[in-house]
Every structure is written in C-alpha cells, then in structure tokens.
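Next come the chains, spelled out residue by residue.
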Amino acid sequence: MSRTRPVSPVLATAVALTVASFVVVAAVAPQATPAAAPALARVVILATGGTIAGVQPKEGEAGYRSGAVSIDSLVRAAPGLEKLATIKGEQIASIGSQDMNDFVWVKLAKKAAELLAAPDVDGLVVTHGTDTLEETAYFLGLVLQSDKPVVVVGSMRPSTELSAEGPSNLYNAVALAADPAARGRGVLVVANDLAHAARFVVKTNTTSVQTFVSAGRSPVAEVLKGTKTAYLLPAAFTASKGHFNTTGIDAMPRVDIVYAHENADGAPVNAAVAAGAKGIVLAGVGDGNATKAMIDALTAAAKAGVVVVRSTRVGSGIVRRNIEVNDDQLGFVAGLDLNPQKARVLLRLALMKSNDVQKVQQIFEEN
Ligand code: ASP
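Residues numbered from 1 in each chain as written. Predicted model: local features only at pLDDT ≥ 70, side-chain atom pairs only at ≥ 80, totals over all residues.

Engineer: What exactly am I supposed to notice about the overall build of the chain here?
Structural biologist: Of regular secondary structure, the chain possesses twelve helices and 14 strands. Once local pairs closer than 6 in sequence are excluded, the contacts in the chain between residues at least 24 apart make up 73%. (Helix = DSSP H or I, 4+ residues; strand = E, 2+ residues; numbered from the N terminus. Contact = placed C-beta atoms within 7 Å.)

Engineer: Looking at this structure, I do not really get unusual backbone geometry. What am I missing?
Structural biologist: Even without being a glycine, Asn192 presents a positive backbone phi close to 55°. Structurally, Asn192 is set in the loop between strand E5 (188–191) and strand E6 (194–197).

Engineer: For this particular structure, what's the right way to read the environment of Ala301?
Structural biologist: Inspection of the secondary structure assignment puts Ala301 in helix H9 (residues 292–303). Remark: the alpha-carbon pair of Ala301 and Asn270, spanning 31 residues in sequence, is separated by 7.8 Å. Those residues in contact with Ala301, other than ones at most four positions away along the chain, are Val269, Val273, Ile280, Val306 and Val308.

Engineer: What is the right way to look at the pairing of strand E11 (residues 255–259) in this model?
Structural biologist: Regular strands place side chains that alternate from one sheet face to the opposite one. A large share of E11 lies buried, amounting to four of its five residues. Both E11 and strand E12 (residues 279–284) contribute to a ladder of five bridges, which runs parallel. When the sheet's bridge partners are listed, Val258 is paired in E12 with Leu282. Each parallel crossover has a hand, and for E11 linked through helix H8 (residues 267–274) to E12 it is right-handed. (Buried ≥ 20, exposed ≤ 12 C-beta atoms within 10 Å, placed from the backbone. Pairing = 2+ DSSP bridges. Right-handed = clockwise from strand over helix to strand, strands pointing away.)

Engineer: What is the right way to look at the sheet that holds strand E13 (residues 307–312) in this model?
Structural biologist: The strands that make up a sheet are held in pairs by hydrogen bonds between backbone atoms, and each pair lies either parallel or antiparallel. The strand order across the open sheet built from four strands is E11-E12-E13-E14, with neighbouring strands paired in parallel fashion. Looking at the sheet topology across the chains shown, the edges are occupied by E11 and strand E14 (333–334).

Engineer: Looking at this model, I keep getting lost on the environment of Leu194. Mind explaining?
Structural biologist: As for its placement among the helices and strands, Leu194 is situated in strand E6. By the C-beta count within 10 Å, which is 21 here, Leu194 ends up buried. Separated by 29 residues in sequence, Leu194 and Val223 have C-alpha atoms that sit 5.6 Å apart. Sequence-distant contacts of Leu194, that is, excluding residues within four places in its chain, are made with Pro219, Glu222 and Val223.

Engineer: Quick question: what am I supposed to make of the sheet that holds strand E4 (residues 150–153) here?
Structural biologist: Here we have eight strands laid out as an open sheet, ordered E2-E1-E3-E4-E5-E6-E9-E10, and mixed in their pairing. Two strands bound the open sheet, and with one partner strand each, they are strand E2 (85–95) and strand E10 (230–231). As judged from the two bridges shared by strand E9 (residues 221–222) and E10, these two strands associate in the antiparallel manner. Of the residues in E10, the one forming a bridge with Glu222 is Ala230. Lying over the sheet, helix H5 (residues 133–143) contacts E4 and E5, oriented at roughly 170° with respect to E4. (Axes fitted to C-alpha atoms, helices over the stretch in contact; angles between N-to-C directions.)

Engineer: Hey, could you run me through helix H11 (residues 340–351) in this one?
Structural biologist: For an α-helix the count is 3.6 residues per turn, leaving residues at separations of three or four pointing the same way. Over its twelve residues, H11 extends 16 Å from the first C-alpha to the last, a length consistent with the 16 Å expected when each residue adds 1.5 Å. Among the twelve residues that make up H11, ten are buried, leaving the element largely enclosed by the rest of the structure. Among all positions of H11, only Pro340, Lys342, Ala343, Arg344, Val345, Leu346, Leu347, Arg348, Leu349 and Ala350 are buried. Looking at the buried side of H11, the elements it contacts are H5, E11, E12, E13 and helix H12 (357–366). (Expected span 1.5 Å × (residues − 1).)

Engineer: Would you mind going over the packing of helix H4 (residues 102–117) against H5 with me for this structure?
Structural biologist: Helix packing for two helices is described by the angle between their axes and how far apart those axes are. Contact geometry for H4 and H5: axes closest at 11 Å, N-to-C directions at 50°. By the angle class used here, H4 and H5 are oblique. Crossing of H4 against H5: the hand is right-handed. Counting all contacts with H4, which are made through Trp105, Ala109 and Ala112, the residues of H5 involved are Thr136, Phe139, Leu140 and Val143. Partitioning the contact of H4 with H5 into residue classes produces six nonpolar, one polar and no charged. (Parallel < 35°, antiparallel > 145°, perpendicular 65-115°, else oblique. Left-handed = near helix turned anticlockwise from the far one by under 90°. Nonpolar A, V, L, I, M, F, W, Y, C, P; charged D, E, K, R; others polar.)

The following block contains the structure:
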C-alpha cells in the first residue's frame, strides 16, 4: 500500500505556475541560445540522497546509510567535472529513495522547472537512490516541459565501497547534461555507461551495478566520460511530453498497487478502497489477470468510481485491452507497457485531469 503525504497548496501552485510560465520561455529560447552559448555548459546538480551519497559505518562492511554525503563531496569525488561544465549544486533532500514521497517530488519538480526556465542553465542532473529512481524520472518527464537535458543518476555502491561507481556515473550524467545533442530526448537515466529513457528504464537487480535496463527497448545512448556519446535512438522516440501540471492541486490522488498471485482474494483491493484510493493498479499475473475473486473486487471498485488499471508483474510485454479480461465490460483501463509502479505514477497524474475510464485509457495511450 502506498503512503501519500499532502502537498502544501502554496508549493503545488508555485510548481504549476513555474511549469506554466516555462512554456512561454521554451517557445522563444531556440533563437536566442546559439550566439550566446558560453565555452562551458552550465549544469545544476539537484541532490536527493540515495546510495550514491551513502556511507558505510566501517570500510568494507555490507550495510550503509543512504543520503549521508553532501553534494559537494559527490562533486569532489568525481575529478574533472569542472572541465565538462560549470557546476552548481543544491540539496533537495537527503533520503534513501525507498522513502521518496510527494513532498520531495513537488519540491524537486518546482526547482527543476525554475532552473530549466533560466537562460543561464543548460542542463540538470538529479542524484537519487536507485530503488524508486525510475518512478521519479518518469514523473519528472511527465511534468517538466523543456528541451534541456535532465539526467537522473544513482549508484548501487555507497561512496565508501570498493569500486564505488557513483563518481563515474555522476561524471557521465554531467557530460550528458552538458551535451547539446542530449536536448529534446526526454528525461534520461544514467548508470553503468548507459543512458536510458525514463519511460522505459527499470531496475532489475538487487545489488549488481548492471541493474538498469530499458525494458523491451534499446538504451538511448552509450556514454563514456563524455567522449563520443553514441546515441542509439532518434530523439523524437523518447522526447518528454510534459503533459501534466499540478495547478490548484494540494495533494496528488492516492493510487495503490495490488499484487496478484495464486489463491488471491479481494482483501487487498477492498483495503485500498477503504483507505481512500482513487485508483488501483493491478500488478497482474501474465497479461494483467488475477483470480476471479480479485477481478470481482476490482470490478466492484470500478463500479464505485475507482479507476482500475491492469498492469502485469511479468516484467515485460504489453497489457492490451480486452484480450484475457474484458475491459469494456468490467470498466478497466489497460496499462499497456507500463510496469505497475510507472502505471501508478501516470494514473495519479491522469486522475488530476479526469476519472473517466475512456479518457484515462487515452492518457495511457499518449504517455
Ligand atoms: N535504498 C537505496 C535507495 O534507493 C538504494 C540505492 O540507492 O541504490 O536510496
């Protein structure tokens, strides 16, 4: 079950205003930029914590504390960054990303929108824990409207670990954020010498440095310390749509994920409804399916006005409408190729526009 913290109305409105005002700036920026471009790109790092900023209690020990190292130390640990870009940093939060929450998301989105609108900023890097990195990256891609590169980066090994890969990931992230060829490619995630699109990236391994993959897709780029970045996909393929803002919203709607399995009953669905969920994502078996008992509970929830999105626990593939489950009849939305955690992010934003099932299905087709 998810936890939802209310977001301050003032903060939410400020985000919306910032995002909205950027649209105008973005429309005029392309003509102004080339002549005024400085020798070095100007990149801002927004730090949120995570293992990339983690320290072990004692060198060589397996346990560690996430988000303990400041942004300055992160930058110092990656010598040569100053040759890539003029760097500024700001600490947004210092948390393990298992604790990521709406308060930090809104603060981060507001700051990112402000910076992207500034003519003296060429790109952003967000440092983040790897656990929920794909959710934050997808969220940012949905709410930010800018062509400038936004690169989210984490690491699997804490900063004090043998072969900590945080410094090289950070170096690659700054190189990408500084690269004009990275513009217009949507929010990117950098890890282990690869850049992935936020829409497709997924964490696949608990501890390995090769944990992020682009599910069912090619990565966006191979990156190597800023030299000869090889872009593997056309920019338009991963460009962010920035379809959402949070105007007038003081909290994002609660959406819970229920997990299907052998002998599952309707209890988790009913608990979600009782907790006030406005939407439920089914992490279904196979093609987004579940036991009759669970499907019956979801049908009752949908009838009561809760928007139900069918996704899958399988890890790849597309959940299409009306294949094994009759979405038309039961009033469900098909989650397509979004995994449950990303379907949840999109459903929360979609519900801020509409709770009409057809409209929400259309939003899923478009994002
Ligand atoms: N639990 C950590 C986090 O997500 C793991 C990591 O960063 O790799 O913050």
